[in-house]
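Examining the three-dimensional arrangement
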Amino acid sequence: MNYGRLLNFLLDGNFEYIENYPYSKISTIKIGGEIPVLIYPHTSEQLISLINECDACDIPFKIIGNASNLIPPDFPKRVVISTKRLDGFSRDGDFITVGAGVMLPKLIRKMADASLSGLELLYGIPATVGGAVKMNAGAFGASVGDCFYSARCYDIKAKRIITLFSDGMRFSYRSSSVDENIAVLSVTFRFRHKDKSLILSDMNAALRRKRAEQPTNMPSAGSVFRRTAGEPPALLIDRAGLKGMSVGGAAVSEKHSGFIVNTKNAKSADVRLLIDKIKQIIMDKYAQPLECEVELLEE
Ligand SMILES: Cc1cc2nc3c(=O)[nH]c(=O)nc-3n(C[C@H](O)[C@H](O)[C@H](O)COP(=O)(O)OP(=O)(O)OC[C@H]3O[C@@H](n4cnc5c(N)ncnc54)[C@H](O)[C@@H]3O)c2cc1C
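Residues numbered from 1 in each chain as written. Predicted model: local features only at pLDDT ≥ 70, side-chain atom pairs only at ≥ 80, totals over all residues.

With that settled, consider the overall build of the chain. What the chain contains, in helices and strands, is eight helices and 19 strands. Taken against the 2.2 N^0.38 rule, which gives 19 Å for 299 residues, the C-alpha radius of gyration of the chain at 20 Å falls within 12% of a compact globule. Referenced to the eigenvectors of the C-alpha coordinate spread, the extents of the chain come out at roughly 55 × 50 × 30 Å. Counting across all 299 residues of the chain, residues that qualify as buried make up 42%. The long-range share in the chain, meaning contacts at least 24 apart out of those at least 6 apart in sequence, stands at 66%. (Helix = DSSP H or I, 4+ residues; strand = E, 2+ residues; numbered from the N terminus. Rg over C-alpha atoms; globule rule 2.2 N^0.38 Å. Buried ≥ 20, exposed ≤ 12 C-beta atoms within 10 Å, placed from the backbone. Contact = placed C-beta atoms within 7 Å.)

Rendered as structure tokens:
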């Protein structure tokens, strides 16, 4: 690992970066220790050159969006590359191309203003476009894959820019073909025309339902466990009487048992232990294995 060389590269390339910045300040669950270097590339070209430089310096890195599906480590060792400054926007008829770092709610509001429909049921999901595509984020029966057209990506292993269309994305429940070797640079969606008032009404209904059902006023990383073939995880956790169960500052939400909330200065280790306990209890009681939807980041 050659941190000195990376820092020189960042300085020479006029990169925006911060050293020793707490993950807890950028993750929605407000957890995680100091990131050695947090870097905000402003263009796809900067992002690509940065990835190549990290590889050349043998420095492990993690690409993040809004860190809303992550449980960051207490002692991060990897450099973090945030896509949040990749904020381009262009329109060609019904096709809209946006930078991977654009926040989904912002895009949905902009589309509503233009009477363009497709993502409004996802209003309230605190994701960037890149993170939403990777996770095939969705709500109330709709998901990002529904109006996805293509993504311009950097293939990190092959070191080349590629375009992925829907058939190459393998969208399924909260999953896509985007893995650690792919960096999403920008995404093109194809929207449909619809009356603006109907779009706004769907957006508001989605937001109201989210606020009514989920602990949106507490730090969390969304649903902790994936819905699989068996019973919904939240239902089993509720039935097992685990609402409110806590480890340190992490607790099963009283409002939605599928969420773990940070009640008071929770550590990553608290969340991980709580997850293990929940899994064990549900396995013992109902013989159903639970699978994490949140990503437990390695150090
Ligand atoms: C209050 C709350 C409510 C939520 N409600 C929902 C919901 O209703 N439905 C739902 O689906 N999810 C929900 N989530 C979870 C979360 O918002 C989604 O999983 C979202 O898609 C994550 O996007 P992100 O930008 O925050 O990605 P991050 O959490 O930053 O990253 C998630 C993964 O995507 C990768 N990634 C991010 N950007 C890129 C990129 N440009 N290129 C390559 N890889 C990338 C990261 O490496 C990581 O593996 C909720 C979360 C919270 C906190």
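There is more to say after this.
Sheet architecture is open: four strands sit in the order β15-β18-β17-β16, paired in antiparallel fashion. Strands at the two margins of the open sheet, each flanked by one partner only, are β15 (220-223) and β16 (246-247). (Pairing = 2+ DSSP bridges.)

Here the focus is the sheet that holds strand β12 (residues 160-165). Pairing in this open sheet of five strands is antiparallel, and the strands run β6-β7-β13-β11-β12 from one edge to the other. Only two strands of the sheet have a single partner each, and these edge strands are β6 (89-92) and β12. In this sheet, neighbouring strand axes are inclined to one another by 20° on average, regardless of whether the strands run parallel or antiparallel. Together, β11 (148-155) and β13 (182-190) form the strand contacts of helix α2 (residues 44-56), whose direction differs from that of β13 by roughly 155°. (Axes fitted to C-alpha atoms, helices over the stretch in contact; angles between N-to-C directions.)

The next subject is the environment of L273. You can see L273 is positioned in helix α8 (residues 268-286). Between the C-alpha atom of L273 and that of A250, which follows or precedes it by 23 residues, the distance is 9.3 Å.

Looking now at the site of the ligand. Taken together, 35 residues form the shell around the ligand, and within it G65, A127, G130, G131 and G222 come nearest. When contributions to the shell around the ligand are tallied by element, the ones reaching two or more residues are β3 (61-64), α4 (129-135), β9 (138-139), β13 and β15. Among the elements that take part in the shell around the ligand, α4 stands out by supplying five residues, more than any other. Split into classes, the residues belonging to the shell around the ligand amount to 17 nonpolar, 14 polar and four charged. (Near = placed C-beta within 6 Å. Nonpolar A, V, L, I, M, F, W, Y, C, P; charged D, E, K, R; others polar.)

Here the focus is the environment of K30. By secondary structure assignment, the location of K30 is in the loop between β1 (16-22) and β2 (34-40). Judged by local crowding, K30 falls into the buried class, with 21 C-beta atoms found within 10 Å. In the structure, K30 is positioned 234 residues away from K264 in sequence and 9.8 Å away in space, judged by C-alpha atoms. Excluding residues that lie within four positions of it along the chain, K30 makes contacts with S24, P219 and N262.

On to the domain arrangement of the chain. When the parts of a complex come together, some accessible area is lost, and that lost area is often used as the size of the interface. With domains assigned, the chain is organised as domain 1 (3-82), domain 2 (89-199) and domain 3 (216-296). In this structure, domain 2 and domain 3 have C-alpha centres spaced 28 Å apart. (Domains from an automatic or database assignment.)

Two faces belong to every sheet, and in a regular strand the side chains alternate between them. The sheet contact formed by β6 and strand β7 (residues 95-99) spans four bridges and is antiparallel. The partner of S90 across the bridge, within β7, is T97. Connecting β6 to the next strand, β7, in antiparallel fashion are two residues, including G93 with a positive phi near 65°.

With 18 residues, helix α6 (residues 196-213) extends 26 Å from end C-alpha to end C-alpha; this agrees with the ideal 26 Å at 1.5 Å per step. Where α6 is concerned, the buried positions are I199, D202, M203 and A206. Angular distribution of buried residues about the axis of α6 spans 100°; they occupy a single face of the element. Away from its buried face, by an angle of more than 90 degrees, α6 presents the exposed residues S197, S201, R208 and A212. In this fold, the buried residues of α6 make contact with α3 (104-113), β8 (116-117) and β9. (Expected span 1.5 Å × (residues − 1). Arc of directions from axis to C-beta.)

With phi around 50°, F140 is a residue other than glycine that occupies positive phi space. Looking at the secondary structure, you find F140 in the loop between β9 and β10 (142-143). With a phi angle near 45°, R170 is a residue other than glycine that sits in the positive phi range. You can see R170 is positioned in the loop between α5 (166-169) and β13.

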